[in-house]
Structures are given as structure tokens and as C-alpha cells.
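Tertiary structure, described
Here's the letter readout for the chains.
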Amino acid sequence: MSDVRVRIAPSPTGDPHVGFAFTALFNFLYARSNGGKLIFRLEDTDRARLRQDSERRLLEGLHWLGIDCDEGPDQGGMHAPYRQSERLPLYRDSIATLLQGRHAYRCFCSAARLEALRATQRQQKQTPRYDRHCRTLSPDAVARQERQGVPSVVRLKMPLAGTTVFHDELRGELSVANSQLDDAVLLKSDGYPVYHLASVVDDQAMQISHVIRAEEWLSSTPKHVVLYEALGFTPPRFLHLPILRNRDHSKISKRKNPVALRLLAQLGILPAALVNYLALIGGSIEHDHEVCDRDTMIKSFAPQRLNLGGPVFDMQKLLWLNQQYIQNMDEDAFVQHLREEVLNDTKLRRIYPLLRTRLENFAQFFAKAAFFFDGVQDYQAQLETLQPRDELPQVLADLCARLENLTVWTQANIKAQLQAVQQENGFKTKELYLPLRVLVTGSKDSPELLPVLELLGRELVTYRLRCFLNR
RNA sequence: GUCCCCAUCGUCUAGCCCGGUCCAGGACACCGCCCUUUCACGGCGGCGACGGGGGUUCAAAUCCCCCUGGGGACGCCA
């Protein structure tokens, strides 16, 4: 039995995407190849950005990928609860300890003041940083403000001099001058902890041995190390994973790639192929065995092999791998997959009302319903015959953004957005609906638009719009 | 702007730690040929990279420094 304990710790703010899958997979492989434990922890300390069914989707995403955790909110464990919103007392205790040990202080600065401060600093080309206005407040002054009910946060009192050194499993010894570090907020005025505090406290409490997370956290690791020490903890080992990129090398985004796991599934990607692909670009498998099953992956897993340059997410190679997997399926698996994932009853029943009046025979089903199944539509020729208005791209970009932010994906809500966009831009109904129909279904001859949009789902609709906008 | 990380074909990478076997190997994509009534699969071949400059050394993709380039962080978001 090993004492390796790693965690997957997403925040429930949206749909699980490939970056999440990449980090999750690496943690999974790390745990399984070392006989360790994998913990799922929900970092739900931001109630403003919290999305209702996000937790469920994250769990579904992991399940789809075949990444099973040993402890988590759905299955429990000896360090329950696994939702940070249910662990508030723990963070308050830590705050009390820090305050008592003078490692932290109360700050009464308003959001407006901080914003103004940052604006000036930016303007003067200085590093935006808290000016430590409240760091030297006298106990009396603090007590007075508290009595008056002025909202406050708790900040970490960073050492002013010296250097913080830590070790990254892939990069070796890293260090940063303490003078570069900010007095970060640890506890928000709503009583919820900020990521830095919550993750440090929980990683300690849950006896996490290795913090494996994306590289965007690398620069805040010194802060965490100071926190660990202020709390009297020994820091875990750190391993920072490169960030996936778009073709232009920017941080991967849904704007430029089909990143949502649900979308990838809709595009017909097998989870095993995705996992294989992520392991491949993550250096997790031996390069001369590109097609690699999970057991081999676990057996030959060698984190040191990981390339530190952020890999470009290459849909073409993913599709090639997917093809390999389909090719290697036996007859039963092939038929079963088609029946359960592609042409399942639920889907057919949803298509039924849209298509039943449009078929002269059942052979036409595949031609007329193809756009429900295929990823990319060949719309070019059809679109040209419509002679769309020049403003169409901007209008559709606007629409796309609106659809993305729609809280609930229903026909009524979609219609409201369509109408708003149409009115604001002075488009006739036909001028908007017809091109939209062609872009989304590949044809003018397709079922009623709103039900189609609803059925296709947000991911696929916005993906197809993006394909047009990025063309 | 400040700090941090990174750097081999268009993309993913092998090689780098322990310098010579590398005029740099594989995969995707692309191009050509073969197979094939077609297309795909498969087979064969082609195109294509050590970012630049200084060192160290008999010898550098490999070690060191500088530059350049790319990325990330700088929120009462994670």
C-alpha cells in the first residue's frame, strides 16, 4: 500500500472540458500506477459563478472517461465532506490560527478602492498589487471598524524580504523573491475562503501527497508554500501540467476548439480514444505504441516523460486515433455502440416529431436526419444561394455569445435571443433564420428550426456557428 | 509593466539527464505510387525540424550564458 493520494479538484462553474480531462487523467494514472488513492473534491467556494448541474456533469464526465475516484461527494470517504462549501468551519479555524499567529490580517478596503488602485498601477505601468493599506492597522482601529460593521476580508501577511523556494516534480527547484508576492485575500467578506486557502487546508486535511494541477497555478505556488508554513504544515509535492493550446498557441478555448466533453461525445469521439489521445500528448505512453490501452498506460506511466511545452490540441490526430479504435472494435462492440450511443431510443424518439411528416420512405431517414449525428455541415453552396447580408457574421457572433450565456437551453429562451438579435440589427426573420438553418443543418430543407436547435443542444449549435465564424 | 515557466518537422513527439552510434527516428496531416471497378482500409515512398548568437569541448540537438520567440500569473475567480 502506498501513501500516494492525489486529487481532482474542479470548480462547478461550467461543463467539463478537455483541460479538465487532461488533468484528471494524469492524476488518475499517477494514482493507479503507484497504488495510491484518487480523491474528487468540489471547489465550490465561489457562489456567484456556481452553476447548478455542474457537479453532476463533472462526475458524468469522469465516468464517461472511465476515471473512477476512490473518495468523493457521491461516494463518501474518510475525509468527508468533499464539497468545500460544506467544510467552512475548517477554513474559519485556519483563519483564526493565522490571525492569532499574525500571519494574516483583516482588510477593510472596499472593492472600489482596490479597483482604483489597480487602475492607477496599471496606468503607471506598475505591477498591480495591494498596497498593504490595512496591514498596519492598529488593533483598536480594527475593532472600531468591525464594530461599525464595515465588511472585511482576511489577507495573508507575506514576508517582505527573503525568497520562497519550492520543488516542482517536473521542473526541479523553483524560487521567487518574496517581494514579488502579494498579500492575497484568504477569506472573502461573504465568509467563504478563496481557492488558495481552501485548497491548502483541504490538501493537508485530506493528506494529499501530490498536488497535480495545471501550470496556470505555478505562479501562485509560492503563496501556497508560505501558507502551508504559516499553518505549520509540510507542503505536499507539486507537479504542474502544461496547458493545452489552440492552433495559434493560445490557451485552449471553446472559441477555437470543440473542448466540451459532451460536444466531443456528440461528435462521435469514443472516450477511450480521447483518453488515449490525451495520454499521448501528455507523454504518458511510450511513443512507439501510440494506440495504447488503459492497463498498458498505467503500467508504463512515467510522469517524467511529460513535455513541458504546452501541446496543441489536434482534432485531426484525435480523429485518427478514434478511427483506430473503431477499426479495432469487434462486431458486438460496434453494434452495441451504435445502438446505445448513436441511434438510441431516446434520441430516435426526440427526432420522431421532427421527421415523421418528412419521410416518403424510411430510406430517407439517414439523409434527412444526418445533421443530428454528424459534426460538421457542408453548408457553403447552400449559403451562397441565400445571398446573406454582409453583417451576418457579426450578427451570428453576437447570437453565438448570447446562446452561450443562456442559463437554460429551451426553445422559448433561444427564441427570445433570436428575436433580440434580429431586432437590434434590423434583420428580417428570413434574413436570420434561413442562414442559421443552413449553417446548423447543412440544408434549407430541414425541420422546424427552434426544436432542432433545442434538440441539437448548446454545444453543437454554437460549435457549428463557430466553424462558420472561424472559417 | 513586473514575476515565473517553456523552446526538435505545420502538429504530437524520440533523442537531451550519462556530449560522438543523429547530414536527427516515429506518428498525424499533406503529396505520389501500389492494391482496388470506385471510395476507404492497407502497403511503399516523398516533403518537412534541432529559433539566433556566443562559449565549453577533439566533438553539442545534447552542457553553460545572452538574445529572441511562445505561454502563464498578477481578482473578495478557480
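Each chain has its residues counted from 1, running along the sequence as written. Lettering of chains starts at A and numbering of ligands starts at 1, both following the order in which they are written. It should be noted that, the model being predicted, local features are given only for residues of pLDDT at least 70 and side-chain atom pairs only at 80 or more, the latter also being counted only at that level, while totals for whole chains, interfaces and linings use all residues. Values shown for side chains rest on all heavy atoms present in the structure; no hydrogens or waters enter the calculation.

1. Let's talk about the overall build of chain A
- Under the DSSP-based scheme used, a helix requires at least four consecutive residues in state H or I and a strand at least two consecutive residues in state E, with every element numbered from the N terminus. The secondary structure content of chain A amounts to 20 helices and nine strands.
- Projected onto its principal axes, the C-alpha positions of chain A cover 85 × 55 × 40 Å.
- A 1.4 Å probe rolled over the protein chains alone gives each residue an accessible area, and that area as a share of the maximum for its type sets the label: buried under 20%, exposed over 50%, partly exposed in between. Taking all 471 residues of chain A together, the buried fraction comes to 47%.
- For chain A, the share of sequence-separated contacts (at least 6 apart) that also reach a separation of at least 24 residues comes to 75%.
- Surface exposure here means Shrake-Rupley accessible area, sampled with a 1.4 Å probe, where a residue is shielded only by the protein chains that are shown. Summing over all exposed atoms, chain A offers an accessible surface of approximately 23,700 Å²; the carbon and sulfur share of this is 49%. Any pair of residues with heavy atoms lying within 4.5 Å of one another is described as a contacting pair.

2. Concerning the side chain of glutamine 84
- Along the chain, glutamine 84 falls in the loop between α2 (54-65) and α3 (88-100).
- Polar contacts, as used here, are pairs of N or O atoms within 3.5 Å; protein pairs need one atom able to donate a hydrogen and one able to accept it. Residues neighboring in sequence count only if both atoms are side-chain atoms. Within the structure, glutamine 84 has its side chain in polar contact with the side chain of aspartate 202 (distance 2.9 Å).
- Beyond its immediate chain neighbours, meaning those up to four positions away, glutamine 84 contacts Arg41, Leu42, Glu43, Asp44, Thr45, Tyr91, Ala198, Ser199 and Asp202.

3. Some points on the sheet that holds strand β3 (residues 104-107)
- Any two strands with at least two DSSP bridges between them are considered paired. Taken together, the three strands give an open sheet; going across it, the order is β3-β4-β7, and neighbouring strands pair in antiparallel fashion. Every interior strand has two partners, whereas the edge strands, β3 and β7 (185-187), have only one. Averaged over all pairs of adjacent strands, the angle between strand axes in this sheet comes to 45°, irrespective of strand direction.
- Of the strands in this sheet, β3, β4 (153-156) and β7 touch α3, which is tilted by about 100° from β3. Note on method: axes are straight lines fitted to C-alpha atoms, helices fitted across the in-contact stretch only, with angles between N-to-C directions ranging 0 to 180 degrees.

4. Observations concerning the state of the cysteines
- Only a pair of cysteine sulfur atoms within 2.5 Å counts as a disulfide in this structure description. Within the structure shown, the criterion is met by zero disulfides.
- Of all cysteine sulfurs in the structure, the one in cysteine 400 sits closest to cysteine 467, which takes part in no disulfide; the separation is 10 Å.

5. Quick look at the packing of aromatic side chains
- Any two rings among Phe, Tyr and Trp, with Trp reduced to its six-membered ring, count as a pair given centres within 6.5 Å; such a pair is stacked if its planes are under 30 degrees apart, edge-to-face if over 60, and tilted if neither. Scanning the entire structure with this criterion turns up eight aromatic pairs.
- Here phenylalanine 365 and phenylalanine 366 contribute two aromatic rings whose centre-to-centre distance is 5.3 Å and whose plane-to-plane angle is 90°, an arrangement assigned as edge-to-face.
- Among the residues examined, phenylalanine 365 registers a relative accessible area of 12% and is labelled buried.
- Cation placement over rings: the criterion is NZ of Lys or CZ of Arg within 6 Å of the ring centroid and within 35° of the ring normal. Sitting over the face of the ring of tyrosine 130, arginine 155 holds its NZ or CZ atom 3.6 Å from the ring centroid.
- The ring of phenylalanine 427 has arginine 389 sitting right over it, with the charged end atom 4.3 Å from the ring centre.

6. Quick word on the pattern of salt bridges
- Each salt bridge in this description consists of a side-chain nitrogen of Lys or Arg and a carboxyl oxygen of Asp or Glu lying within 4 Å of one another. Following the criterion strictly, the structure yields 35 salt bridges and no others.
- For arginine 41, the salt bridge is made with aspartate 202, and the minimal N-O distance between the two is 3.9 Å. Linking arginine 41 in the loop between β2 (37-40) and α2 with aspartate 202 in helix α6 (residues 195-205), this pair joins segments that are 161 residues apart in sequence. Like aspartate 202, arginine 41 is buried.

7. A few points about the confidence of the model for chain A
- Averaged over chain A, the pLDDT score is 93; the fraction of residues at 70 or greater is 99%.
- This prediction of the complex comes with two scores: 0.94 for pTM and 0.94 for ipTM. For every residue, the predictor reports its confidence as pLDDT, a number between 0 and 100.

8. Structural notes on the pairing of strand β5 (residues 163-168)
- Here β5 shows a buried face lined by Thr164, Phe166 and Asp168 and an unburied face lined by Thr163, Val165 and His167.
- Taken together, the six bridges between β5 and strand β6 (residues 172-177) define a ladder with antiparallel strand orientation. Residue pairing for β6: threonine 164 is matched across the bridge by valine 176.

9. With respect to a nonpolar patch on the surface
- The patches described consist of residues with a relative accessible area above 30% and no salt bridge, like charges being joined within 9 Å and nonpolar side chains (Val, Leu, Ile, Met, Phe, Trp, Tyr) within 5 Å. Together, Ile326, Phe334, Val335 and Leu338 give the surface a local cluster of nonpolar side chains, amounting to about 310 Å² of exposed area.
- Looking at the nonpolar patch element by element, the count peaks at three residues for helix α12 (residues 331-342).
- Mapped onto the fold, isoleucine 326 is located in helix α11 (residues 315-328).
- The class of isoleucine 326 is partly exposed, set by a relative accessible area of 37%.

10. A closer look at the protein's contact with RNA strand B
- Proximity is defined per residue: any heavy atom of the residue falling within 4 Å of a molecule or strand makes that residue near it. Taken together, 49 residues lie near RNA strand B, and Lys125, Lys188, Ser189, Ile281 and Glu290 sit nearest.
- A breakdown of the atoms of RNA strand B within 4 Å of the protein gives sugar and phosphate a share of 83%.
- Residue arginine 49 places a side-chain N or O atom 3.2 Å away from a sugar or linking oxygen belonging to RNA strand B.
- Separating a sugar or linking oxygen of RNA strand B from a side-chain N or O atom of lysine 317 is a distance of 2.9 Å.
- Ranked by the residues each element gives to the surface near RNA strand B, the list is headed by α11, at five residues.
- Charged residues are taken to be Asp, Glu, Lys and Arg, nonpolar residues to be Ala, Val, Leu, Ile, Met, Phe, Trp, Tyr, Cys and Pro, and polar residues to be all remaining types, Gly included. Its residues placed into classes, the surface near RNA strand B shows 18 nonpolar, 15 polar and 16 charged.

11. A word on the environment of serine 253
- Its place among the elements puts serine 253 in the loop between β9 (237-241) and α8 (261-266).
- Separated by 234 residues in sequence, serine 253 and glycine 19 have C-alpha atoms that sit 9.4 Å apart.
- Leaving out residues up to four positions away in the same chain, serine 253 has contacts with Asn246 and Val259.

12. Remarks on helix α1 (residues 18-33)
- An expected span of 1.5 Å times one less than the residue number is assigned to each helix. Spanning 16 residues, α1 covers 22 Å between terminal C-alpha atoms, matching the ideal 22 Å at 1.5 Å per step.
- The buried fraction of α1 amounts to 14 of the 16 residues, a majority that puts the element mostly inside the structure.

13. Here we look at the domain arrangement of chain A
- In this entry, domain limits derive from an automatic or database-based domain assignment. On domain assignment, one finds that chain A holds domain 1 (5-84 + 244-327), domain 2 (87-235) and domain 3 (356-470).
- Measuring from the centre of the C-alpha atoms in domain 1 to the corresponding centre in domain 2 gives 29 Å.
- The term buried area denotes the loss of accessible surface (1.4 Å probe radius) that occurs when two parts are joined, taken as the sum for both partners. Carbon and sulfur atoms supply 51% of the area buried between domain 1 and domain 2, which totals about 2,200 Å² over both sides.
- Broken down residue by residue, the surface that domain 1 buries against domain 2 is led by Arg5, Arg7 and Gln84, which jointly contribute 28%.
- Linking domain 1 to domain 2 there are five salt bridges.
- With a shortest N-O distance of 2.7 Å, aspartate 190 and arginine 47 are connected by a salt bridge.

14. Some details on the environment of tyrosine 82
- Looking at the element boundaries, tyrosine 82 is found in the loop between α2 and α3.
- Placed 380 residues apart in sequence, tyrosine 82 and threonine 462 show a C-alpha to C-alpha distance of 33 Å.
- Those residues within four positions of tyrosine 82 in sequence are excluded, and the remaining contacts are Ile39, Phe40, Arg41, Leu42, Glu71, Gly72, Pro73, Gly76, Gly77 and Met206.

15. Some details on the environment of lysine 299
- Among the structural elements, lysine 299 can be located in helix α10 (residues 294-300).
- Between the C-alpha atoms of lysine 299 and serine 220, which are 79 residues apart in sequence, the distance is 32 Å.

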